[in-house]
Amino acid sequence: MSPYGTGRRRMVPERLGTDRTREARRRPVATPERPALDSLNNYLPAGNGCWVWQGYIDRNGYGRVYDSTAAQGKRTDWVHRVSYRHYKGPIPERYEIDHTCENTACMNPDHLDVVTKSEHVRRTLDRLGTTDRQKLAAQLRHTGLTYGEIAEALRYASRTGAHDAVQAAIDKGLVDADDVPPPPRLTPEEREDIRALYALGVPQTEIAVWYRLDSSQISRVCNGQSSGHRQRKQGVK
């Protein structure tokens, strides 16, 4: 007879289970506050030259590390920033680090560029590609952003460019047309309020922000058109 009991269920000795529990408790747990290893040598080289961080990785794919040289309260940092400071020098205030290799877990200083936020956004958008950018534009429209806000966020030249990108995403089947809301329709009372605000000297751009509309729609209302939508050209169906 088995010393652990009879039948289908095999009993595990209490001592064995306790030992395993204790062993698990002794294992280092990687957290942003206490990575398993906080050395800059804790990486694996990849074929493309990346130094892939082997410590804690956050939900966005960025490595986190404890930097004992930083000021109190700021010692938990992104490993790519710590690596840049260690190998290349200080990061100017309000500047960001761009991974030229597009691998967010990489900490190779040769793959890290210091750039402004606007330049970082421009590079990121360039890497997206046309199709991904169109899909993102449609997703932003789904959240309620105006075409003007989308154009600014995704660096389109105009609201028309943002509108065309959203329409292209629909035509390609990247998003469901029902998920992209049409421009909001203004009630007669809202149109009267807009004209009253404009008559008081409030800029159309500020009115557009209040009503979350494109300034072109506000302009049409202020000019006496009955709706806030672009009028169709004659002969266009």
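Residues numbered from 1 in each chain as written. Predicted model: local features only at pLDDT ≥ 70, side-chain atom pairs only at ≥ 80, totals over all residues. Heavy atoms only, no water.

Focus on helix α8 (residues 204-211)
Buried residues of α8: Gln204, Ile207 and Ala208, and no others. Buried residues in α8, looked at end-on, bunch into an arc of 105 degrees, giving them a common side. Seen from the open side of α8, the exposed residues pointing more than 90 degrees away from its buried face are Thr205, Val209 and Trp210. Structurally, α8 contributes buried residues whose contacts are with α7 (188-199) and α9 (215-222). Arg212 lies just past α8 and shows a positive phi near 55 degrees. (Buried < 20%, exposed > 50% of the residue type's maximum accessible area, 1.4 Å probe, protein only. Helix = DSSP H or I, 4+ residues; strand = E, 2+ residues; numbered from the N terminus. Arc of directions from axis to C-beta. Contact = heavy atoms within 4.5 Å.)

Overview of the packing of helix α4 (residues 130-142) against helix α6 (residues 159-171)
Between α4 and α6, the least distance of the axes is 8 Å, while the angle of their chain directions is 105 degrees. As judged from the angle between their axes, α4 and α6 are roughly perpendicular. Only Ala165, Val166, Ala168 and Ala169 of α6 make contact with α4, whose side of the interface consists of Gln134, Lys135, Ala137, Ala138 and Arg141. A breakdown of the residues in the contact of α4 with α6 according to their chemical character gives six nonpolar, one polar and two charged. (Axes fitted to C-alpha atoms, helices over the stretch in contact; angles between N-to-C directions. Parallel < 35°, antiparallel > 145°, perpendicular 65-115°, else oblique. Nonpolar A, V, L, I, M, F, W, Y, C, P; charged D, E, K, R; others polar.)

Thoughts on the sheet that holds strand β5 (residues 76-78)
With antiparallel pairing, the three strands of this open sheet are ordered in space as β3-β4-β5. On the outer flanks of this sheet lie β3 (56-57) and β5, each paired with one strand and no other. Both strand β4 (residues 63-66) and β5 contribute to a ladder of three bridges, which runs antiparallel. When the sheet's bridge partners are listed, Val65 is paired in β5 with Asp77. Contacts from helix α2 (residues 79-87) reach β4 and β5, with the element oriented near 85 degrees to β5. (Pairing = 2+ DSSP bridges.)

Here's the deal with unusual backbone geometry
Unusually for a residue other than glycine, Arg94 sits at a positive phi of about 70 degrees. We note that Arg155 has phi near 65 degrees; this positive angle belongs to a residue other than glycine. Structurally, Arg155 can be placed in the loop between α5 (147-154) and α6.

Focus on the packing of aromatic side chains
Tallied over the full model, the rule gives two aromatic pairs. Ring plane angle 5 degrees and centroid distance 4.6 Å describe the contact between Tyr43 and Trp51, whose orientation is recorded as stacked. Within the aromatic cluster, the residues linked to one another by ring pairs are Tyr43, Trp51 and Tyr87. Positioned above the aromatic ring of Trp78, the side-chain terminus of Arg64 is 4.6 Å from the ring centre. Above the ring of Tyr147, the side-chain terminus of Arg141 is found at 4.9 Å from the ring centroid. (Phe/Tyr/Trp six-rings, centres within 6.5 Å; stacked < 30°, edge-to-face > 60°. Lys NZ or Arg CZ within 6 Å of the ring centre and 35° of its normal.)

Some details on the pairing of β4
One ladder, built from two bridges, connects β3 with β4; its direction is antiparallel. Following the sheet pairing, Tyr56 is matched in β4 by Arg64. The hairpin formed by β3 and β4 contains five residues between the paired strands, and Gly61 there has a positive phi angle of roughly 90 degrees.

What about the nonpolar core?
If you look at the biggest cluster of nonpolar residues, it comprises 16 residues, and the most contacted ones within it are Ala137, Ile150, Leu154, Tyr156 and Val166. Elements with a contribution of two residues or more to this core: α4, α5 and α6. With five residues, the top contributor of residues to this core is α6. Those residues in contact with Leu154 that sit more than four places away from it in its chain are Leu125, Arg133, Leu136, Ala137 and Leu140. The next biggest cluster of nonpolar side chains, apart from the first, holds nine residues, and it includes Ile194, Ile207, Ile218 and Val221. (Core = buried A, V, L, I, M, F, W, Y, C linked by side-chain atoms within 4.5 Å.)

Points about the environment of Arg123
Here Arg123 is to be found in helix α3 (residues 117-128). The residues contacting Arg123, other than those within four sequence positions of it, are Asp98, Thr100, Asp113 and Val115. Side-chain polar atoms of Arg123 contact the side chain of Asp98, separated by 2.8 Å. (Polar contact = N/O pair within 3.5 Å; in protein donor to acceptor, adjacent residues only side chain to side chain.)

Quick notes on the pattern of salt bridges
Between side chains of opposite charge, a pair can form when the charged atoms approach closely. Here the structure, examined in full by the defined rule, presents nine salt bridges. Arg123 is the salt-bridge partner of Asp98, the closest N and O atoms lying 2.8 Å from each other. Here Asp98, found in strand β6 (residues 95-99), pairs with Arg123, found in helix α3; they are 25 residues apart in sequence, far enough to count as distant. Judged by relative accessible area, Asp98 falls into the buried class, the value being 1%. The shortest N-O distance in the salt bridge between Arg122 and Asp126 comes to 2.6 Å. Of the two residues, Arg122 and Asp126 both sit in helix α3, four residues apart, roughly one turn of that helix. (Salt bridge = Lys/Arg side-chain N within 4 Å of Asp/Glu carboxyl O.)

Without other data, these values stay purely geometric and don't point to any function.
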